[in-house]
Amino acid sequence: DSGVTQTPKHLITATGQRVTLRCSPRSGDLSVYWYQQSLDQGLQFLIQYYNGEERAKGNILERFSAQQFPDLHSELNLSSLELGDSALYFCASSVEPSVGETQYFGPGTRLLVL
Amino acid sequence: GENVEQHPSTLSVQEGDSAVIKCTYSDSASNYFPWYKQELGKGPQLIIDIRSNVGEKKDQRIAVTLNKTAKHFSLHITETQPEDSAVYFCAHGDFSGGYNKLIFGAGTRLAVHP
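The text that follows walks through the structure, step by step, so that each part is easy to find.

### Looking at the overall build of chain B
Working step 1: Counting its regular elements, chain B contains 0 helices and 11 strands.
Working step 2: Written out in order from the N terminus, the α and β elements of chain B read β-β-β-β-β-β-β-β-β-β-β.
Working step 3: Its C-alpha atoms give chain B a radius of gyration of 14 Å, near enough to 13 Å, the size a compact globule of 114 residues would have.
Working step 4: Dimensions of chain B along its principal axes, counting C-alpha atoms only, are 45 × 30 × 20 Å.
Working step 5: The contacts in chain B between residues at least 6 apart in sequence include a share of 54% that link residues at least 24 apart.
Working step 6: About 5,500 Å² of surface is accessible on chain B, with carbon and sulfur atoms providing 47% of the total.
Working step 7: Here chain B contributes 11 positively and 13 negatively charged side chains, and the mean placements of these two sets differ by 4 Å.

As C-alpha cells, then:
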C-alpha cells in the first residue's frame with residue numbers, strides 16, 4: 001500500500017458524459033501528479049500540482065482539467081468523454097517536486113466509456 | 001526529445017536466471033532514472049532509481065546501470081523468482097525548472113517460470 005488513495009476504483013459511463021476522479025496523496029506529500037495508462041499509449045503524464053498550484057502540464061486534453069484543494073487532495077475532471085478516453089488513470093504523490101523525489105502511485109481508477 | 005525506448009517488450013526466463021531490461025532516452029537534460037514494477041490490478045511501484053551523477057546502484061537482487069554518454073540505462077534482476085513476474089517500466093525525469101515530470105517507457109512484461 002503506497003498511501004495514495006483513489007476513488008472510485010471503477011467507473012463506467014457513456015460518451016459525452018463528465019466524470020470526476022479523486023485522489024488523496026500520502027500524508028505529508030505536497031505534490032500530486034496525474035497519469036493516464038492506455039494499451040496503445042502506455043503511461044502518459046497529464047498534469048502536476050504542488051501545494052495547490054499547477055506546476056507542469058503534459059499530454060492533457062482541453063476536455064480534461066484538474067485542481068488541487070487546500071487539503072491537498074486532487075480531482076481530475078474529464079468531460080465530453082469519448083471512447084478513446086477509456087483507460088486507467090493513476091494519481092501519484094511526492095513530498096516535493098525536487099530532483100529524485102519518489103513518486104508514489106495510487107491503485108488507479110479504471111474508466112470505461114461506452 | 002522526451003521519448004524513452006524500452007526493450008524487450010516481453011521477457012520470459014526460468015526461475016533463478018537473470019533478466020535484463022534496457023532503455024534509451026534522448027533528452028540530455030534528464031537527471032533521474034527510476035524503475036517501476038506494476039503487478040496486475042495495481043499501480044506502479046518504485047523498485048530502484050538512479051541519479052545522473054551515479055553509474056550503478058544495487059539493491060539486493062536488483063541493480064541499475066546508467067551510461068549518460070550513450071543515454072541508456074538498464075535494469076538487472078538476478079536469481080529471478082516467480083514473484084518477480086510483472087510489467088516493468090523505466091522512466092526518466094527532468095526536474096530543472098522546479099517540476100517533477102516523468103516520461104515512461106512502454107514497459108516490459110517479465111514472466112518467470114518455476
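That shown, we press on.
### Let's talk about the side chain of Q36 of chain A
Residue and element names in this part refer to chain A.
Working step 1: Positionally, Q36 belongs in strand β4 (residues 31-38).
Working step 2: Among the polar contacts made by the side chain of Q36, one reaches the side chain of Y89 at a distance of 2.8 Å.
Working step 3: Excluding its chain neighbours within four sequence positions, the residues that come into contact with Q36 are G42, L43, Q44, L46, F64, D85, A87, L88 and Y89.

### A word on the pairing of strand β8 (residues 72-77) of chain B
As a general feature of sheets, a regular strand has side chains that alternate between the two faces.
All names here are of chain B.
Working step 1: Of the strand pairs in this sheet, strand β3 (residues 19-25) and β8 are connected by 6 bridges, and their pairing is antiparallel. Considered in β8, the bridge of A19 is made with I77.
Working step 2: Here 6 bridges tie strand β7 (residues 62-67) to β8, and the two strands are oriented antiparallel to one another. Along β8, the bridge assignment pairs I62 with I77.

### Re the state of the cysteines
Working step 1: The full count for this structure, using the stated rule, is 2 disulfides over all chains.
Working step 2: Across the disulfide from C23 of chain A sits C91 of chain A; the S-S distance is 1.8 Å. Linking C23 of chain A and C91 of chain A, the disulfide has an S-S dihedral of approximately -50 degrees and is accordingly described as left-handed. Of this pair, C23 of chain A sits in strand β3 (residues 19-24) while C91 of chain A sits in strand β9 (residues 87-94), and the two are 68 residues apart along the sequence. Across the pair, exposure class does not vary: C23 of chain A and C91 of chain A are buried alike.
Working step 3: Put simply, C23 of chain B and C90 of chain B are joined by a disulfide, and their sulfur atoms are 1.9 Å apart.

### Re the interface of chain B and chain A
Working step 1: Each partner contributes to the interface: chain B provides 19 residues, whereas chain A provides 22 residues.
Working step 2: Both sides of the chain B and chain A interface together cover about 1,600 Å² of buried area, and 55% of this is carbon and sulfur.
Working step 3: Viewed at the interface, chain A and chain B are joined by 0 salt bridges.
Working step 4: Contributions of two or more residues to the side of chain B that touches chain A are made by β4 (32-38), β5 (45-51) and β10 (101-104) of chain B.

### Some words on the sheet that holds β8 of chain B
Hydrogen bonds between backbone atoms are what pair the strands of a sheet, whose relative direction is either parallel or antiparallel.
All names here are of chain B.
Working step 1: With antiparallel pairing, 5 strands are arranged side by side in an open sheet as β1-β3-β8-β7-β6. A strand with exactly one partner marks an edge of an open sheet, and here the two such strands are β1 (4-7) and β6 (56-59). Put simply, the sheet's adjacent strands are angled 15 degrees from each other on average, direction ignored.

Analysis parameters
Residues numbered from 1 in each chain as written. Chains lettered and ligands numbered in written order. Predicted model: local features only at pLDDT ≥ 70, side-chain atom pairs only at ≥ 80, totals over all residues. Heavy atoms only, no water. Helix = DSSP H or I, 4+ residues; strand = E, 2+ residues; numbered from the N terminus. Rg over C-alpha atoms; globule rule 2.2 N^0.38 Å. Contact = heavy atoms within 4.5 Å. Areas by Shrake-Rupley, 256 points an atom, 1.4 Å probe, with all protein chains shown as cover. Lys, Arg positive; Asp, Glu negative; His and termini not counted. Charge placed at Lys NZ, Arg CZ, Asp CG, Glu CD. Polar contact = N/O pair within 3.5 Å; in protein donor to acceptor, adjacent residues only side chain to side chain. Pairing = 2+ DSSP bridges. Disulfide = S-S within 2.5 Å. Buried < 20%, exposed > 50% of the residue type's maximum accessible area, 1.4 Å probe, protein only. Buried area = accessible area lost by both parts, 1.4 Å probe. Salt bridge = Lys/Arg side-chain N within 4 Å of Asp/Glu carboxyl O. Axes fitted to C-alpha atoms, helices over the stretch in contact; angles between N-to-C directions.

The values reported here are purely geometric and, on their own, carry no functional implication.
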